[in-house]
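Examining the three-dimensional arrangement
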Amino acid sequence: MTKSIYLNHTASTPQTEPILGRASDMAQNNAGGYSFTLDKWSRLDRFLILGTDGGTYYVNEGTLTRENAGVVLECIKEDGLRTVNRIVEVSDGNLAPKNDPAIFALALAAKNGDDATRSLAYKVMPKVCRIGTHLFQFADAINDLGGWGRGARKSVASWYTDKEPDKLAYQLVKYRQRDGWSHRDLLRLSHPVAKDEGHGRLLSYAAGKATADDILQRGTPSVIAGYEMAKHASVGQTVDLIKSFNLPREAINTEYVNKPEIQEALLQDMPITALVRNLGNLTKSGVLTPFSKGTTRIIELLTDATRIQKSRIHPMAIYLALNVYASGRSVLGSGEWTPVPAIVTALNDSFYLSMGNVIPSGKKILFALDTSGSMGNNHYGQVNYDSPIAKAAAMALIAAKTESQYEI
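**Brief notes about the overall build of the protein chain**
- A tally of helices and strands in the protein chain yields 21 helices and six strands.
- Looking at the protein chain residue by residue over its 408 residues, the buried ones come to 44%.
- Residue pairs in contact within the protein chain that sit at least 24 positions apart in sequence constitute 62% of those at least 6 positions apart.
- Roughly 21,500 Å² of accessible area belongs to the protein chain as shown, and the carbon and sulfur atoms make up 50% of that amount.

Written out as structure tokens, the structure reads:
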């Protein structure tokens, strides 16, 4: 039996047209096809989790950022408290590979919400801005979005005063400045009141009001003492200081950082996020070779489930690091290395271990993967070592390992 002419035109709809009877639910996307529209809250989630870093094949980064800023503002206007709480859930729950979108959205809420929204945004800021880099990003966003008010000053001040002395000292040494901001800048703007003598010395040190000798003589947390001594130390002395004071990479003289003995010393307690970023450099310097002490230590760190959990690193961060390292060349610049097979295997194991850092949604989810020809190309975004379909499949795999109800 031959279908009627009417059915021939309605049973199958080309992608360039909306489905018959569903036009009100669909819109033309940036690729020229029609797809179902998302409500503003789903678009907020998409921005917080995926961000706009690097743009897409069909739309550039700047346009995406402007569009998503508009969505965030719409959500803030409709329900500011819900928006802020969702920002915290995504950031603190480790639902996104990067924290940048959450910081940007929180700054928008802090500057554009009603009184209750602004108050909550500033109150939860330390939950979203957990490290110095995050704090500098938030300060930069606040500055660009209209400047500093009482709420911003109080929020930034509490970031410093609410931390235990040892943890604050580590932040002051490891994250001294980012994006044109330093701790001295923020302390001058926020005017925190030290809660005790120990905090007062740390704040005075960060503001440049205390001398190194004063810091060393008055029982300041050891990481600062080690950092001050490392400024004038030889390579051998720096190795001893790293081991004695657990100094981070940022505390080492620049001219020493890439020396093999320094890099090997830093491996004793290097944070996972910093570790996966520096695997290529460690291999180029000769620290990582088959059966070397450095390789043995790296494998221990990458397969330590407790350490992976405490790091809060997202599985996609491990996945991208795995692809970059296995490729033997850096994303930016001309750095090249010969990957150590055992490190590649350890990164793969770490990818699965880090899935425990993802909090399941508990929802019923259908994952539809685009397997068209363009998804097989590897020229999208900033990382050129894997195709978009492979990245999409990795994301689906993460969800399959963490969700209880799903279909792919």
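**Some points on the pattern of salt bridges**
- Summed over the entire model, instances satisfying the criterion amount to eleven salt bridges.
- Between aspartate 45 and arginine 86 there is a salt bridge whose closest N-O contact spans 2.7 Å. In this pair, aspartate 45 sits in helix α2 (residues 40–50) while arginine 86 sits in helix α3 (residues 61–92), placing the two residues 41 residues apart along the sequence.
- Two residues, glutamate 228 and lysine 231, come together in a salt bridge whose shortest N-O distance is 3.3 Å.

**Let's talk about the packing of aromatic side chains**
- In this structure the tally under the stated criterion is seven aromatic pairs.
- Between the aromatic rings of phenylalanine 47 and phenylalanine 104, the centroid separation amounts to 6.2 Å while the plane-to-plane angle is 75 degrees, which identifies the pairing as edge-to-face. Remark: phenylalanine 104 occurs in helix α4 (residues 100–112) and phenylalanine 47 occurs in helix α2; sequence separation between them is 57 residues.
- A relative accessible area of 4% places phenylalanine 47 in the buried class.
- Pairing tyrosine 325 with tryptophan 337 gives two aromatic rings, centres 6.1 Å apart and planes at 20 degrees, and the pair type is stacked. Note that tyrosine 325 is positioned in helix α19 (residues 315–327) and tryptophan 337 in the loop between α19 and α20 (341–353), a separation of twelve residues in sequence.
- The class of tryptophan 337 is buried, set by a relative accessible area of 12%.
- Members of the aromatic cluster, each reached through a chain of ring pairs, are Tyr319, Phe351 and Tyr352.

**Points about unusual backbone geometry**
- Even without a glycine there, the phi angle at histidine 191 is positive, about 50 degrees.
- By the secondary structure assignment, histidine 191 is in the loop between α9 (183–190) and α10 (197–206).
- Backbone geometry places phenylalanine 291, a non-glycine residue, at a positive phi of 75 degrees.
- Residue placement: phenylalanine 291 occurs in the loop between α16 (279–284) and α17 (293–302).
- By relative accessible area, phenylalanine 291 is classed as exposed at 81%.

**Some remarks on the nonpolar core**
- In this structure, Leu106, Phe138, Tyr160, Leu186, Leu275, Ile298 and Leu347 are the most contacted members of the largest nonpolar core, which totals 102 residues.
- Sorting elements by how many residues they give to this core places α3 first, with nine residues.
- When residues no more than four places from it in sequence are discounted, the contact partners of leucine 186 are Leu135, Phe136, Ala139, Trp148, Val156, Tyr160 and Trp181.

**Examining the environment of alanine 121**
- If you trace the backbone, alanine 121 turns up in helix α5 (residues 115–128).
- Residue classification places alanine 121 among the buried positions, given a relative accessible area of 0%.
- Distance in space between the C-alpha atoms of alanine 121 and lysine 111 is 9.1 Å, their sequence separation being ten residues.
- Setting aside residues up to four positions removed in sequence, alanine 121 forms contacts with Val84, Leu106, Ala109 and Ala110.

**Observations concerning the packing of helix α8 (residues 165–174) against helix α12 (residues 222–230)**
- Where α8 contacts α12, the axes come no closer than 8 Å and their chain directions differ by 30 degrees. Between α8 and α12, the angle falls in the class roughly parallel. Taken together, the residues of α12 that come into contact with α8 (itself represented by Ala169, Tyr170 and Val173) are Val223, Ile224 and Tyr227.

Here is what the cut-offs are and how they apply
Residues numbered from 1 in each chain as written. Predicted model: local features only at pLDDT ≥ 70, side-chain atom pairs only at ≥ 80, totals over all residues. Heavy atoms only, no water. Helix = DSSP H or I, 4+ residues; strand = E, 2+ residues; numbered from the N terminus. Buried < 20%, exposed > 50% of the residue type's maximum accessible area, 1.4 Å probe, protein only. Contact = heavy atoms within 4.5 Å. Areas by Shrake-Rupley, 256 points an atom, 1.4 Å probe, with all protein chains shown as cover. Salt bridge = Lys/Arg side-chain N within 4 Å of Asp/Glu carboxyl O. Phe/Tyr/Trp six-rings, centres within 6.5 Å; stacked < 30°, edge-to-face > 60°. Core = buried A, V, L, I, M, F, W, Y, C linked by side-chain atoms within 4.5 Å. Axes fitted to C-alpha atoms, helices over the stretch in contact; angles between N-to-C directions. Parallel < 35°, antiparallel > 145°, perpendicular 65-115°, else oblique.

Remember, this is a structural readout, not a statement about activity or role.
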